[in-house]
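Overview (structure and organization)
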Amino acid sequence: MTRRLAQVAKKVGVSEATVSRVLNNKPGVSEATREAVLSALDVLGYERPTQLRGERARLVGLVLPELQNPIFPAFAEVIGGALAQQGLTPVLCTQTKGGVSEADYVQLLLQQQVSGVVFAGGLYAQADAPHDHYRLLADRKIPVVLVNAAIEHLGFPGVSCDDAVAVEQSWRHLSSLGHERIGLVLGPADHQPSQRKLAAARAAADAGGGRLPDEYVARAMFSLEGGQAAAARLLERGVTGIICASDPIALGAVRAARRRGLDVPGEVSVVGFDDSAFMNCTEPPLTTVRQPIEAMGRAAVELLALQIGGSSVPTEELLFEPELVVRGSTGQAPRG
């Protein structure tokens, strides 16, 4: 019981005594704090006390495209904790290949009468993907927040890492190390964050008095294997620096270099994107661009809570500044 009190208190940011008063249904606790404690019980997997089980928690869908990329569990942890502090209980919906689709999850969430939905990555970022389920949520006036770049005209508020700044930082870093043949491994052509990264890379190349040839841009699935295959094509074309759209793609690029007998960073430099868990433990430790997931996740929940409370929020995208984290996968360009 003591361990449970401590965990719930830490999650909500209150004292153990306050948690105890809620669990024993004692007075002297605000309704907001009471709801936050009950939600934290749900999030941490503890059963509510018998006398409190009849009160249904306010549910919020948290839809993720996958869990294999460590950035998505990290977003889930931040968003789930922030929801609990607002007295809201997250319902985690994760897509798997051949499993439940994003549209199916939306139908399930509507059946559960959720108070709102947070999408942390999904089909809203792909122009050629189906978007009818988003319009269904809009028609039902369900509060929604999108995390990271969405296509235009969906009309939902969103929080995003600034993809242009991320690429500018990466390009400037590689250029300062003497790299002139810089390539990119991006997601599909209709993927909005990848489109923004490509535009920023072309602008950075132009500003440096050069250009970014089309053959220095490769597309990949967001996986280590996808990154390896795409990076192998770039290495055949002679690039010495590779900017990647995710950390798993970057790890694939490192593997591709090694399969060709090339040293990282001695002969090829690689920059990732996300700074997800354990990227400082790889060999070499990965230079990457850190998404400010804590600030982004909390802002997403704040936007959602305002909508649930009946307030109107601006639909303009909120852009958050990333940070280049220089580690061991980038070095001076090879001579000759």
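Located above this text is the structure these notes cover.
In what follows, the accompanying structure is described.

What counts, and where the lines are drawn
Residues numbered from 1 in each chain as written. Predicted model: local features only at pLDDT ≥ 70, side-chain atom pairs only at ≥ 80, totals over all residues. Heavy atoms only, no water. Helix = DSSP H or I, 4+ residues; strand = E, 2+ residues; numbered from the N terminus. Buried < 20%, exposed > 50% of the residue type's maximum accessible area, 1.4 Å probe, protein only. 1 Å grid on protein atoms, 1.4 Å probe; cavity = no way out; pocket = protein on both sides within 12 Å on 5 of 7 lines; lining within 4 Å. Points joined across faces, edges and corners; volume = space filled by probe spheres on them. Nonpolar A, V, L, I, M, F, W, Y, C, P; charged D, E, K, R; others polar. Contact = heavy atoms within 4.5 Å. Expected span 1.5 Å × (residues − 1). Phe/Tyr/Trp six-rings, centres within 6.5 Å; stacked < 30°, edge-to-face > 60°. Lys NZ or Arg CZ within 6 Å of the ring centre and 35° of its normal.

With that out of the way, let us pick up the environment of Phe278. Its place among the elements puts Phe278 in the loop between strand E9 (269-274) and strand E10 (287-290). For Phe278, a relative accessible area of 62% puts it in the exposed group. C-alpha of Phe278 to C-alpha of Ala125: the two residues are 153 residues apart in sequence and 26 Å apart in space.

This paragraph deals with the layout of surface pockets. By volume, the largest pocket is sized at about 1200 Å³. Looking at the largest pocket, it is lined by 45 residues, and the ones nearest its centre are Pro65, Glu66, Phe72, Gln126 and Phe222. At the level of elements, helix H4 (71-85), helix H8 (192-207), helix H9 (224-236) and E9 are the ones that each hand at least two residues to the lining of the largest pocket. Residue composition of the lining of the largest pocket, by class: 22 nonpolar, 17 polar and six charged.

Our focus in this paragraph is the environment of Tyr46. Counting through the fold element by element, Tyr46 comes out in the loop between helix H3 (31-44) and strand E1 (58-64). Sequence separation of Tyr46 and Arg4 is 42 residues, and the distance between their C-alpha atoms is 8.1 Å. Residues in contact with Tyr46, not counting those within four places in the same chain, are Arg3, Arg4, Gln7, Val8 and Leu41.

Relative to the 18 Å expected for 13 residues at 1.5 Å per residue, H9 spans 18 Å between its end C-alpha atoms, a close match to the ideal helical length. Of all the positions in H9, only Gly226, Gly227, Gln228, Ala230, Ala231, Leu234 and Leu235 are classed as buried. Gly238 sits one or two residues past H9 and shows a positive phi near 95°.

Both the distance between ring centres and the angle between the ring planes are used here to describe each pair of aromatic rings. Per the stated rule, a full pass over the model turns up three aromatic pairs. Note on Phe119 and Tyr124: the rings are 6.3 Å apart at their centroids and 70° apart in plane angle, and the pair reads as edge-to-face. Of the two residues, Phe119 and Tyr124, both sit in the buried class. Ring plane angle 75° and centroid distance 6.0 Å describe the contact between Tyr124 and Tyr134, whose orientation is recorded as edge-to-face. With Tyr124 in the loop between strand E3 (116-120) and helix H6 (132-139) and Tyr134 in helix H6, this residue pair connects regions lying 10 residues apart in the sequence. Tyr134 sits in the buried class, given a relative accessible area of 1%. Ring pairs connect the aromatic residues Phe119, Tyr124 and Tyr134, which therefore count as one cluster. The side chain of Lys197 reaches across the aromatic face of Phe273, ending 3.8 Å from its centre.

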